[in-house]
Structure formats: structure tokens, C-alpha cells
Amino acid sequence: MSLDIDPHIRHSTRHIGRSVPRREDRGPLTGRGRYVADIKIAGMLEVVLVRSIEAHARIVSIDTSEALAVEGVQAVFTAADLADVKTFPDYIPYIGPVRQRPLATDTVRYVGAPYAAVVADDRYIAEDAAALVAAGTTYEPLPTVADLDQALAPGAPKLHDHWESNCSFDVAPHKPEVDRAFEQADHTFTETYVSQRQTGLPMETRGVVADITDGTLTVWSSTQSPHMVRSTVALMLGMPEPQVRVVHPTIGGGFGTKTHIYPEDIVVPWIARRLDRPARWIEDRMENLVASVHAREQRHDVEVAYDDDGTIRGVRCASTLDMGSGEIFMPGTAPVFVTNACITGGYDFPNMQARTTGVVTNKTPSGAYRGFGIPEGAFVMERIIDRVARLTGTNRADLRLRMLLQPGQTPYVMHGGGRLDSGSHTESFEQGLEMTQPALERALARYADDPDVRVGVGYCNYVEPTSPSYHLTTGHWGGGDAATVRVDPDGSVRVAAGLSSFGQGAETVAAQLAADALGVSPENVTVVLGDTERAPYGLGSWGSRGAMMLTGSVLLASERLMDKARAIAAHMLEAAEADIVLTDGAFHVAGSDQPSVSWAEVGTAAWIRYVDLPDGMEPGLETSGYFHPENLQHQLDDTGKINAAASWSNGAHIGVVSVRVSTGEVRIEDYIVVHDCGTVINPALVEGQVHGGVAQGIAGAMYEHFQYDPDTANPRFASFMDYLVPTCAEVPRMEVDHFESPAPEQPLGVKGCGEGGTVGPPAVVAGAVSDALSEWGVDLTECPVTPVAVRAAIRSAEAAGAGAGS
Amino acid sequence: MKPAPFDYCRPSTVTEALEALSSAESSRVLAGGQSLVPAMNFRLTDVSLLVDINRIEGLASVDCDPGGVTVGAAATQTRVLEHEGAAGVVGGLRAALRHVGHLQIRNRGTVCGSLAHADPAAELPALAVASGAMLAVSGPDGERRVDAADFFIGPFWTALEDGELITEVRFPAPPPGSVTIVDEISRRAGDFAVAGLVAIVEADGGAVRSASLVGFGLGGVPTRLATAEAAIRGWAADHPADTIAEAVMADTADAFDDIHATSWYRREAVAALTARAARRALVAEEAA
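Only a predicted model underlies this, so the values are computations on that prediction, with no experimental measurement involved.

A.B. asks: What am I meant to see in the overall build of chain A here?
C.D. replies: Helix and strand counts for chain A stand at 19 helices and 29 strands. For 806 residues, the compact-globule estimate of 2.2 N^0.38 gives 28 Å, and the C-alpha radius of gyration of chain A, at 28 Å, lies within 12% of that figure. Counting only C-alpha atoms and orienting by the principal axes, one finds that chain A spans roughly 90 × 70 × 55 Å. In chain A, once contacts between residues fewer than 6 apart in sequence are set aside, the share between residues at least 24 apart is 80%.

A.B. asks: Even after reading the chapter, I still don't get the overall build of chain B, so can you show me in this structure?
C.D. replies: If you tally the helices and strands in chain B, you get twelve helices and 14 strands. Seen along its three principal axes, the alpha-carbon backbone of chain B occupies a region of about 60 × 45 × 35 Å. Classification of the 288 residues of chain B by burial places 49% in the buried group. Taking the contacts inside chain B whose residues are at least 6 apart along the sequence as the reference set, 61% of them involve residues at least 24 apart.

A.B. asks: What is the right way to read unusual backbone geometry from this model?
C.D. replies: With glycine set apart, most residues show a phi of negative sign, and most peptide bonds adopt trans. For the bond running from Thr 410 of chain A to Pro 411 of chain A, omega is 0 degrees, close enough to zero to count as cis. Along the chain, Pro 411 of chain A turns up in the loop between helix 11 (396–403) and strand 17 (412–413). In this chain, Gln 594 of chain A is followed by Pro 595 of chain A through a cis amide linkage whose omega measures -5 degrees. Backbone geometry at Leu 748 of chain A places phi at a positive 60 degrees, although glycine is not the residue there. Checked against the element boundaries, Leu 748 of chain A lands in the loop between strand 29 (734–739) and helix 18 (756–772). Note on Leu 748 of chain A: 22 C-beta atoms within 10 Å, which makes it buried. Even without a glycine there, the phi angle at Phe 156 of chain B is positive, about 55 degrees. By secondary structure assignment, the location of Phe 156 of chain B is in the loop between strand 8 (152–154) and strand 9 (157–158).

A.B. asks: Hey, could you run me through the sheet that holds strand 13 (residues 207–216) of chain B in this one?
C.D. replies: In a beta sheet, neighbouring strands are held together by backbone hydrogen bonds and run either parallel or antiparallel to one another. Residues and elements named next belong to chain B. Spatially, 11-12-13-14 is the arrangement adopted by the four strands of the open sheet, whose pairing is antiparallel. Each edge of the sheet is formed by a strand with only one pairing partner; in this case those strands are strand 11 (179–185) and strand 14 (223–224). Two strands pair when backbone bridges link them, and strand 12 (residues 195–204) and strand 13 are joined in this way by nine bridges, in the antiparallel orientation. Looking across to strand 13, one finds that Leu 197 is bridged to Gly 215.

A.B. asks: Help me out: how do you make sense of the pairing of strand 13 (residues 279–282) of chain A in this one?
C.D. replies: Residues and elements named next belong to chain A. Residues of strand 13 alternate between two faces, with Ala 279 and Trp 281 on one and Arg 280 and Ile 282 on the opposite face, all of them buried. Examined bridge by bridge, strand 2 (residues 45–51) and strand 13 share two bridges and lie parallel to one another. Within the sheet, the bridge partner assigned to Glu 46 lies in strand 13 and is Arg 280. Of the pairings in the sheet, the one linking strand 10 (residues 207–213) to strand 13 comprises four bridges and is antiparallel in character. If you follow Val 208 over to strand 13, its bridge partner there is Trp 281.

A.B. asks: Whenever I open this one, the interface of chain B and chain A confuses me. Can you help?
C.D. replies: A common measure of how large an interface is: the accessible area buried when the components associate. With 15 residues of chain B in contact, the opposing surface of chain A contributes 22 residues. Among the residues forming the side of chain B that touches chain A, the class breakdown is ten nonpolar, one polar and four charged.

A.B. asks: I tried to follow the pairing of strand 14 (residues 298–306) of chain A on my own but got confused; where do I start?
C.D. replies: Residues in a regular strand point their side chains to alternate faces of the sheet. Residues and elements named next belong to chain A. The element strand 14 is largely enclosed, with a buried count of seven among its nine residues. Pairing geometry for strand 9 (residues 187–195) and strand 14, over nine bridges, is antiparallel. Paired with Thr 192 across the bridge in strand 14 is Asp 301. Where strand 14 lies against strand 15 (residues 312–322), nine bridges are found, and the strand directions are antiparallel. By the bridge assignment, Val 304 is partnered in strand 15 with Val 315. Taking the residues that link successive antiparallel strands as the turn, the strand 14-strand 15 hairpin has five residues, and the phi of Gly 310 there is positive, at about 95 degrees.

A.B. asks: It is not clear to me how the sheet that holds strand 1 (residues 7–9) of chain B should be interpreted in this structure. Could you clarify?
C.D. replies: Residue and element names in this part refer to chain B. Here three strands make up an open sheet; going across it, the order is 1-3-2 and the pairing parallel. Strand pairing shows two members of the sheet lacking a second neighbour, strand 1 and strand 2 (27–30), which therefore form its edges. Ignoring strand direction, the axes of neighbouring strands in this sheet form an average angle of 25 degrees. In this structure, strand 2 lies alongside strand 3 (residues 49–52), joined through four bridges in parallel fashion. Each bridged residue has a counterpart across the sheet, and for Arg 28 the counterpart in strand 3 is Leu 50. Where helix 1 (residues 14–23) meets the sheet, its contacts fall on strand 1, strand 2 and strand 3, and the angle it forms with strand 3 comes to roughly 170 degrees.

A.B. asks: It is not clear to me how the domain arrangement of chain A should be interpreted in this structure. Could you clarify?
C.D. replies: Domain parsing of chain A yields domain 1 (9–23 + 480–627), domain 2 (36–142 + 200–291) and domain 3 (298–471 + 633–799). For the side of domain 1 of chain A that touches domain 2 of chain A, the class distribution of residues is four nonpolar, eight polar and two charged.

A.B. asks: Got a minute to help me understand the nonpolar core in this structure?
C.D. replies: Considering soluble globular proteins, one finds that nonpolar side chains tend to be buried as a cluster. With 236 residues, the main nonpolar core has Val 118, Val 495, Ala 510, Ala 514, Leu 550, Val 554 and Val 769 of chain A as its most contacted residues. At 14 residues, helix 15 (residues 546–573) of chain A tops the list of elements feeding residues into this core. Core analysis: the next-biggest nonpolar cluster, separate from the first, contains 94 residues, Ala 86, Val 100, Ala 199 and Ala 275 of chain B among them.

A.B. asks: What is the right way to read the environment of Ser 168 of chain A from this model?
C.D. replies: Residue and element names in this part refer to chain A. Its location among the elements puts Ser 168 in strand 8 (residues 167–171). With 155 residues separating them in the primary sequence, Ser 168 and Met 323 have C-alpha atoms 8.8 Å apart. With sequence-adjacent residues up to four places away left out, Ser 168 is seen in contact with Ile 95, Gly 96, Met 323, Gly 326, Thr 333, Gly 358, Val 359 and Val 360.

A.B. asks: Even after reading the chapter, I still don't get the confidence of the model for chain B, so can you show me in this structure?
C.D. replies: Reading predicted coordinates in detail is not appropriate for stretches of low pLDDT. Residues at a pLDDT of 70 or more form 100% of chain B, whose mean pLDDT is 96. Predicted complex metrics record ipTM = 0.95 and pTM = 0.97.

A.B. asks: Sorry if this is basic, but what is going on with the environment of Leu 391 of chain A here?
C.D. replies: Along the polypeptide, Leu 391 of chain A turns up in helix 10 (residues 374–392). Sequence separation between Leu 391 of chain A and Val 50 of chain A is 341 residues, and the spatial gap between their C-alpha atoms is 54 Å.

A.B. asks: Can you help me understand helix 12 (residues 425–446) of chain A in this one?
C.D. replies: Three or four residues apart is the spacing at which side chains of an α-helix point the same way, because the helix has 3.6 residues per turn. All names here are of chain A. The first and last C-alpha atoms of helix 12 sit 32 Å apart over 22 residues, in line with the 32 Å expected at 1.5 Å per residue. At Thr 436, helix 12 shows its maximal kink, close to 30 degrees; a proline, Pro 438, follows between one and four residues later. Of the residues making up helix 12, those classed as buried are His 425, Thr 426, Ser 428, Phe 429, Gly 432, Thr 436 and Ala 443. Close packing links the buried residues of helix 12 with helix 11, strand 19 (453–468), strand 27 (645–660), strand 28 (666–676) and strand 29.

A.B. asks: Looking at this structure, how should I read helix 6 (residues 226–237) of chain A?
C.D. replies: Residue and element names in this part refer to chain A. The end-to-end C-alpha distance of helix 6, which contains twelve residues, comes to 16 Å, matching closely the 16 Å that a straight helix rising 1.5 Å per residue would cover. Counting buried residues along helix 6, nine of its twelve residues qualify, which places the element largely inside the surrounding structure. Within helix 6, burial applies to Pro 226, His 227, Met 228, Val 229, Arg 230, Ser 231, Thr 232, Val 233 and Met 236. Looking at the buried side of helix 6, the elements it contacts are strand 11 (216–221), strand 12 (244–247) and helix 7 (263–275). Positive phi appears at Gly 238, one or two residues downstream of helix 6, with a value of about 70 degrees.

A.B. asks: What should I look at first to understand the domain arrangement of chain B in this one?
C.D. replies: Residues and elements named next belong to chain B. Here the domain parsing of chain B yields domain 1 (7–52), domain 2 (62–172) and domain 3 (179–287). A separation of 19 Å is found between the C-alpha centroids of domain 1 and domain 2. Ranked by the residues each element gives to the side of domain 1 that touches domain 2, the list is headed by helix 1, at five residues. In terms of residue class, the side of domain 1 that touches domain 2 is made up of six nonpolar, five polar and no charged.

A.B. asks: Hey, could you run me through the packing of helix 15 of chain A against helix 16 (residues 599–607) of chain A in this one?
C.D. replies: The description of two helices packed together rests on the angle between their axes and the distance between the axes. All names here are of chain A. Contact geometry of helix 15 with helix 16 gives a least axis separation of 10 Å together with a crossing angle of 100 degrees. Accordingly, the angle class assigned to the pair helix 15 and helix 16 is roughly perpendicular. Residues Ala 565, Ile 568, Ala 569 and Met 572 of helix 15 pack against Glu 601, Val 602, Ala 605 and Ala 606 of helix 16. Of the residues that constitute the contact of helix 15 with helix 16, the class distribution is seven nonpolar, no polar and one charged.

A.B. asks: Sorry, what's going on with the packing of helix 14 (residues 506–518) of chain A against helix 15 of chain A here?
C.D. replies: Residues and elements named next belong to chain A. The interhelical angle for the contact between helix 14 and helix 15, taken along N-to-C directions, is 30 degrees, at an axis separation of 9 Å. By the angle between their directions, the pair helix 14 and helix 15 is classed as roughly parallel. You can see that helix 14 and helix 15 cross each other, and the crossing is right-handed. Where helix 14 abuts helix 15, its residues Ala 506, Val 509, Ala 510, Leu 513, Ala 514, Ala 517 and Leu 518 lie against Gly 546, Ala 547, Leu 550, Thr 551, Val 554, Leu 555, Ser 558 and Met 562. Residue classes in the contact of helix 14 with helix 15 are distributed as twelve nonpolar, three polar and no charged.

Cut-offs applied
Residues numbered from 1 in each chain as written. Chains lettered and ligands numbered in written order. Predicted model: local features only at pLDDT ≥ 70, side-chain atom pairs only at ≥ 80, totals over all residues. Helix = DSSP H or I, 4+ residues; strand = E, 2+ residues; numbered from the N terminus. Rg over C-alpha atoms; globule rule 2.2 N^0.38 Å. Contact = placed C-beta atoms within 7 Å. Buried ≥ 20, exposed ≤ 12 C-beta atoms within 10 Å, placed from the backbone. Pairing = 2+ DSSP bridges. Nonpolar A, V, L, I, M, F, W, Y, C, P; charged D, E, K, R; others polar. Axes fitted to C-alpha atoms, helices over the stretch in contact; angles between N-to-C directions. Domains from an automatic or database assignment. Core = buried A, V, L, I, M, F, W, Y, C linked by C-beta atoms within 7 Å. pLDDT = per-residue confidence, 0-100. Expected span 1.5 Å × (residues − 1). Bend = angle between axes of the 7 residues up to and from the residue. Parallel < 35°, antiparallel > 145°, perpendicular 65-115°, else oblique. Left-handed = near helix turned anticlockwise from the far one by under 90°.

Next up, the structure:
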């Protein structure tokens, strides 16, 4: 795409590429952020959802009479009351349709499934009444399936009666070239790798406030995608879209969990309409752990063919996603496809045959979480490489260098069709290795006198698809986004975009882009995001798309606006349009900075003083850009392949860990990231994304794990006592370095960087701990790497007779 | 996460507090509230009346003499941690409190509240048992003193009867020349221990003379490691750690499983902590 900064603009200061301070932090940091829970409307009622305490059951009856008798209770609704609401759409044709209702009708399929809504004057009363509804509910328990094996067993209890089995989808390509690799290879092995159930866990839980005034329904929702919520609410409640306004106020993180459209996004507006009163629901943390999507629970059954020299000839990987009950919109099916698409990371490895399967179980529905399947695949690939290195006596770093894409090898089409347009795959790893040397020496010196401690190093080289298609994920929406740029009579600039902002810095980036594209200072740019009434249709923020989408749409709109502004300025200066340039906010004829006209004069002419406009020119100074990235595909080609991302970032993560043998305690001594997200718009924001991502990656590598009772499918967690989130005390120092390989086909060469940080840590920690314990032959195949897991690995190695010194 | 309805009162004397406690079916003492209030918000505990003891005169005192430290029922953990004299007399208090929660929790949480709550994975109950602490308990029938060894009955279950209140606890000074070590393995900084140990060790001439060893995070109550206490006598740094480990195994057969750790892990870990504590004590003795 030829979009670029207009060459007629001269800046004494360019803003793109600089760490312009974030403009969105003042509110949250001073306690003045306005979250959904801060919205107060006179007469507002409080909604509490009543949630299933059974993992799988028929609801025989719900007695609401006692709850209704509580003073201050306004109403209790069940599925029968919501009969006029449409079912959540099943847009994806190749997965099992779940026909999800906002409130469970006759069957509940996970602990936490909402089946009734209590409306009361305040939350205390509502919770008292909700407890009475729960006590008044009669269940007929059904047999449960708590994991993949149980769900896939012959004769297993089915979650969805209208399905043939608990399998939602199963895509199994066959590659003859992989068969040949297995025939020719010196050796093979099989292994099963497991990625555990986690969640994105934003600091702010979800929340919805709804109110109807003058026929317009306003929904304040803590969502990442307000326009998608608008379309879905309008569809399901049978309202015209212009009569539905969705706003996200300040948001305290999303991490993918808020890309979904949840029952509460429908139920709360429905209640507001039904009772003609404003209504609000705020998710508490107990609910959040069972009612917001989980993620990452996958099993990978692999077969690996390799040669004596360490060459990996072929891999067959059957990746199976535990979808939970599957009752979530958009469906949580896409991450496992991304796992398989990205599994080969930055390696030149075409001989991958990946099977993709989704299975439902009686657990919280799984869905999106920052990383969206990439960490799971990277873990598998890196563990395979370490195993082959060990089996063949090959140096682990050298083997990776042999496999990585070399400079000049891009564009490179991966085994599933992903087209790596550019990158620094070998360079990043080499740079990381260089940075690791002193860190390793430090760690070895620190523990030189402690016979109980071993030190190890772990590696991960990944690719990160950025600005992906949403069609594969939703079966409906595409993958572009829009911005509207306006210059007001006083010369101020307003940018409104369909993106959302909940911590990433999208407002700052939009201001930087508009500032350079219009030759103004970022302070003169007002940014509006997250409001369907004030911004053009967009898909919101997810998939590491914000930077590229803003770049494309803001530049496109700005280009159009500049054309018009230049024509107005030329007319006012009585000069030829082609001679007009803009220097630090003033239009003038090239070669002479006087006379000049300012943005305010141009804006005033466009909106107010039509006498200053060229004859016949349409007034106004507002333009829009609807950006769709080049080479972004939404559907599979004839061979079943797809490039579902507009560009691909890459990175190398390396960690140095110490392991205390007697107790299994692991400490990350140093964590090194070399990162490449193309042209960097704001280095500080990129650095922050990397740090936060790595912290969440470490959460998955060492701490967070939703466990369910295998016999009852009941959660074995209720709070942060059980679901362990790392704090600043657990997250180590990081060293971050960058390469910049611009995206050749995208505006300014911008790629995304929101998710890469999460990808490396599971592979790195498991690899490093296995390396540290190599004298026992420890080879970890799952996370989290806990003290118990480490001790169990040592014990089982010792029991197998491979003890120290053998 | 809103509590069910309950009543609240804030008496100004112990007598009033005891009257209030006896006045309602399920009354509970509110000191720091760091465990009780979340349990109420989760609706896991049924409370009809909260008796807030924070304004009772003199109850927040920390008194120190050469023989020990006396901590009042409303004294916060931070107050004890920062008390100038307390650590000098009972070193174990500082060693244990460093592991208790986070700063914000210690600013509210009380020492006596932790004992009354009796979480089996908490540090302070184990310290009380290891050091032979004595609790002063007031109730409808007057005052009594309870040895810490007799106080803990099961998980979250103590010798406190309905209507009773711990008014203070006295930690006696450990034997002169001994070292008190509180060591634990927790999943994250500030978490309850997956496995922990309080060791009060006397060493002499490079060998352990005697030790009081109490594990926590193992069973329903602080676990006295009696076999290990016998096995560790005379142990020196060049002795193998196996004998200690075997003894700890014998003492911890009841260790429990939960989602954070298995029983065998807890036992192994406490064995490792015990050997580590013995080594540290010997190093300290050599330095002194």
C-alpha cells in the first residue's frame, strides 16, 4: 500500500518513532478513570446473575417466590422470560452449533452458567435474593465430562444433544511429503505435550450498564469491541442499529477475554428495556473466574521423525482444544487453528502435518487470551527441538540456528499458508545468544558454592501473526478498520476510530499518527475511541492490530483531508495547489514561508467562512478512511491454506533459571527478549507491551492453572488463593532489544506487538529447567513448572534409574 | 461477593465485648478481618454479629521484658514487626512475620487473630507451638490460660469456646544462644506456605545440642516433629542429611494433598528445610 506521510509536509519534529508520553494514564493513575462501575444513573437497578452450581444438569424447576418476596427485589427473570430474544448466532459453518441462549434454558453445562437474573435496588439485596433463587432451584444432575479423554470416550455423556459426539470440529489434512519424511528418517519418537487452562484476567472485571432514553438504548460495556456488541445486541433484541449505542468507558485491561460478547451484554439491556429503568451488572471476581472465558487448554499428540545429525525431518501434531462447554459468542474455536498455523515459529520447517480438533467438556467456555494459541504451539516446537538435540547429542542453540529462517528467505510461506512477509529470525536469536552469555555467567557465579542449585538456559523463537482476519474467528466479521479525521474551525484535529483502548496506548498512537500526517503537534489532536455513536464502524482492539489499523485508517483519512485542505489553502494564497507545502502547521508556497495560512484559517473557511472557499467546493473538513490490509485473506484457498494475518512480527526469548534440587524451587535469573515488530511508532509502548506480555507468559509457565475435579467437573478454584497470579515479586528483570524489519506491504511498515511477549515463557522456562536438570534427563512436557512438578520429574527420573552420576 | 446481613458493635472494654459475644448465636470477633471479612464476602461463614475489638483500651499493646513478649489481641502484625524490643527478645516473631501476607495485610492483620483463625498453613501458630507460647483467654466463665500446644485442634479449629476472646499471647524468650529459623516454601511471595518450618536450634561446638521443630502446611495443626527433634541431636554439618529426612518423614505421615502441592512433596520439602535450618544454625553458632 502506498500510504505514507505526505511529502509536502515538513516537520521540525516528527512524532512517529518517538516515545511520546502516554496520554491515557492520567485518569486511571489519579483515581479519575471512569469505569463501567463508576457510572451512576438515577433510579438504576442492580442485576445479579444466578449461576449453576452443577457442572452438568437439567434444571427441573426454579422457585423464585422467596426471592421475589425480599424487600427491594424488583424482578427475577429466567430463560422463559427472554423468549423474545434471539439465540446467539452460529456463524461458523464447520463447527458444532451451540445455539446459545443468554440464560440457560433447560440444561446447564458448566459451573457458573447463568440461568436466572435477579434485579434489585442494590447489590446486597440482589445477592441475598440470588441465594434464595439458587436454593429454590431443583436440578437433575447429568453425568459429567471433565477432560478430553472423558469427552471423547465411547459412549461419553454428550453436552449438546443435537451433536453426534462432543467433538465440535476435526480438521485432519494429510501430507504425503510428511509420510515420506517418516519413511526416510533415522529415528522417530512420540510424545504428548499439554498446555494448561488459564485466563486473561484483566484487573477490571466485566460490567454492563444499560439505559433507554428517547428510544435509544445506550450500553456501557467493558468490551474490547463496541461495534460488534452493537450489531449483536441490535440483532438479538430486534432493534435498529442506529437505536443502539455502545460505549466502552475507561477499561482496566481486556487481554482477549473482553473480545467476546457475553450473556450479560444481552441480558442487562433487555432488563433495562423490559423494566424501563437503567440497570447495571458488575462482575465480581468470584464470577469472573468462572464466567469470563478461559483459554489455552490444549493437548498435543506428536510424532517426530529425525536423523542422527539432529535434522528434524517431519512432525505430525494432533492439537486438541478443550473448549469447555462451547457456549460463548464468538466461539472459542480459533486459537487452536492459530496454534497449528504458527507452530513452526521462525523455523524453516515445511514438513508439519497438523490436525486441529475441538472438543466440549463441562467447564467454563474457552476463548481468547492474549497470545491466542501461539504460546501453545511454540511450546510444542521448542520442546521437540530440545528433545531431538538431546537424543542426538546436538547443541540446542546450534540446532536452532540451523533451522531458523535465514536473512533473505522472506517472504516465506509456512506449512499452513501463513506468509512471513519479513523478519529477523536468525538475527534476533543470534543477538539474544550474545546477550545471554553474561547473564549465564552471572548465574553460574552466584550459585558456584551451592551444591543444591543447578542453572539452565531455555530458548524460544516465535512468529506473531498481527492484524489477523476475524472471519476465521467469528465466521462473520472481516479484518479492516476505520478512522474519521476532522479539522475544526479553530484548527484543532479530532481523530475518531473504531479501535478500542484499554491500556495499550492506542490514543497516544492515533495522536502521533495524525500529528505527522497533518503536520500538527500531538497536543492539538483529540482522539475519540470506543463509542459507536462518535466513531466509525470498527472491530476494536485484539490480535495485535491496533497500530497497523490506526496507521492505515488515519493515514488514509488524513491523505484525503490534506488534499482538500491544500486546495483551500491554495485558493486563499492565490497559488497553484501543486506548489503548496505545509511547514509546522502553516500552509505556504514552496520556497517562501510568507504569506501563509494556518490550519485554523483553513478550518474556518471549510466550516464557517464559505466566502474563502474555492467556487463550488463542498464545505466541511472531515474525511474517513476504511483500511483493509493488503494480502490479508479471510478464507482458505483451494489447498486448504490461508494467510490470515496482514503481517508477522517475530522474536527470540531466552531465559536463565536456577533450580533448587532439594525443593524444586525455580527462579528466573535473567530474561532476554529480542523483538521485531517492524517500524516502531512509539518505543516506550512497545517496551511496555513486551514486559506485560512476558509477565503473563510467566504466569502460564509457572503459576496459573485452572484445575477441575476429574470426577465431578467442579472447579477446584474459587479465588486468588487457588488461581495464582504472579506479582512484581515473581516477575524477573528483563532485558529487551529490538530489530526493525518493516512490513513491506503495510503502511509505514508497521506490524503489531501486543501478544509476542506471552509466547516465549512457557517454552523458555520448561526448556531451561529441563536443561538445568539434564543430569537426571528431565524433559518437561507441560506447564506450569511448579516446585511439585520439578520434584516429580526428578523423582521419576531417579526411579527410572537415570540418577545423578549415571 | 457481598456479605449476608449482619450486626456490628464496637465495645470499649473487654467486659462489654464478652457480653456482646454471648448475646448472639453466631457472633465473631473482628480484629484485623483479613481472613474473616473475605470469608463473609464469599458467604462461606455465617456471622450474625461482629464484635469489633479495635477500640478496646490497652488491647493493642506489645510489651517486652527479658523473659518474653506479650502481644495484645488488637496489636497488628506490623506493630509487632516494627517493635524495637520485640525482635531482640523473641527473634522468631520477626522471622515469622516477614512471611505473613503483604504489607497491607500485616497493617491490619493481628497476631492473636492469626492464632484464633488457625490456618494450618500459617506461620504464627507454628511459632507459638515451637516457642511454647501461652494464650490468655477471657470468656463468660472468667479467664484461663491455654498452652499453644493445646490450643490448635484442627484446621481453623481451636480450643476457644463460644463467647471466648483471646486477650493476649505471650511468647517466651528462646533459650540463650539459640537461633530461631522460620523457613518456608510458598508458591508466591506472601502466600500461605506450601510447606514450612519453625526451628529453634541450640548448637554447641559445631553440633546441634537440641532443637524445637514445628512444621506447618502439613497437617490440620502445627506439626511437632518429635522424631526429628531426637534425630537431630548431635548432628553436625558433615553428617549426612538422610537421618534427618527419614525422621521428618516419620513425623509427617499425615501431610495433606491440595491443588498447590502433594503430600509427598510437603514431606520432602520440610525434610529439606529441616536440614537447611540445622546447617544455618551451625553456621550462626560458628560466627558467634
